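# Overview (structure and organization)
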Amino acid sequence: MIKLIAFDLNGTLYDPNLYFKSAFKIVSEYLSSNVIDTGAAEIEKNLWNVLHKRGSMYKTLFDDVLFCYWIKNKGVVKKLVKLFHTVPTNNLKPYRDALKEVKRLKKSYKLCILTHGSAKDEIRLLKQLKLLSYFDFVMATKDEH
């Protein structure tokens, strides 16, 4: 008998490109104002290019973009990661039928989110998507180390 249904959040319940769009805008504006002597639009284009080549789980995205400008600075990378994870999420919405299906499944099953990220970040996204109350727990591999 099935008792639990697990979901991945990104790409399953909402479009993560909406998050990347906001995050890359903030990151590229920060870089163009403080680190790199070029326009934010060019930096944002490079962020998207690396993301499309390497995928969303690629851990050295910012290192690679900085390398395009001959910059290797872990302090800047740490700042970019922090900016990335504190992006306002008010533009995020679940896919059209996601909320309806989650509500339907919650009537009969326990629901959880499985993620490669951190539970803190996923909970923040679930709150924004107005989905947190439907999930019994979030299991995050990043928090298991």
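Described below are features of the structure shown in this document. Just so we're clear, the structure is a prediction, and the values are computed from it rather than from any experiment.

### Focus: the sheet that holds strand β1 (residues 4-7)
The strand order across the open sheet formed by three strands is β1-β2-β3, and the pairing between neighbours is parallel. On the outer flanks of this sheet lie β1 and β3 (137-140), each paired with one strand and no other. On average, each strand axis in the sheet is tilted by 30° relative to the strand beside it, whichever way the strands run. Where helix α6 (residues 119-128) meets the sheet, its contacts fall on β2 (110-115) and β3, and the angle it forms with β3 comes to roughly 140°.

### Examining unusual backbone geometry
Within the chain, Trp70 stands out as a residue other than glycine whose phi angle is a positive 60°. One can find Trp70 in the loop between α3 (61-68) and α4 (74-85). Despite not being glycine, Lys130 shows a phi value in the positive range, around 60°. Checked against the element boundaries, Lys130 lands in the loop between α6 and β3.

### Brief notes about the pattern of salt bridges
In total, this model carries four salt bridges according to the counting rule given. Taking the shortest distance from any N to any O, the salt bridge between Glu29 and Lys25 comes out at 3.0 Å. With Glu29 and Lys25 both in helix α1 (residues 16-34) and four residues apart, this pair spans about one turn of that helix. For Lys25, a relative accessible area of 45% corresponds to the partly exposed category. Residues Asp136 and Lys106 are paired through a salt bridge, measuring 2.8 Å at the closest nitrogen-oxygen approach. Residue Asp136 is found in the loop between α6 and β3, and its partner Lys106 is found in helix α5 (residues 98-106); the two are separated by 30 residues along the sequence.

### Structural notes on the side chain of Ser28
Mapped onto the elements, Ser28 comes out in helix α1. A polar contact of 2.8 Å, which involves the side chain of Ser28, links it to the backbone oxygen of Phe24. At 3.1 Å, the side chain of Ser28 forms a polar contact with the backbone oxygen of Lys25. Among all residues touching Ser28, those that are not within four sequence positions of it are Ala40, Ile43, Glu44 and Leu47.

Quick notes on the rules
- Residues numbered from 1 in each chain as written.
- Predicted model: local features only at pLDDT ≥ 70, side-chain atom pairs only at ≥ 80, totals over all residues.
- Heavy atoms only, no water.
- Pairing = 2+ DSSP bridges.
- Helix = DSSP H or I, 4+ residues; strand = E, 2+ residues; numbered from the N terminus.
- Axes fitted to C-alpha atoms, helices over the stretch in contact; angles between N-to-C directions.
- Contact = heavy atoms within 4.5 Å.
- Salt bridge = Lys/Arg side-chain N within 4 Å of Asp/Glu carboxyl O.
- Buried < 20%, exposed > 50% of the residue type's maximum accessible area, 1.4 Å probe, protein only.
- Polar contact = N/O pair within 3.5 Å; in protein donor to acceptor, adjacent residues only side chain to side chain.

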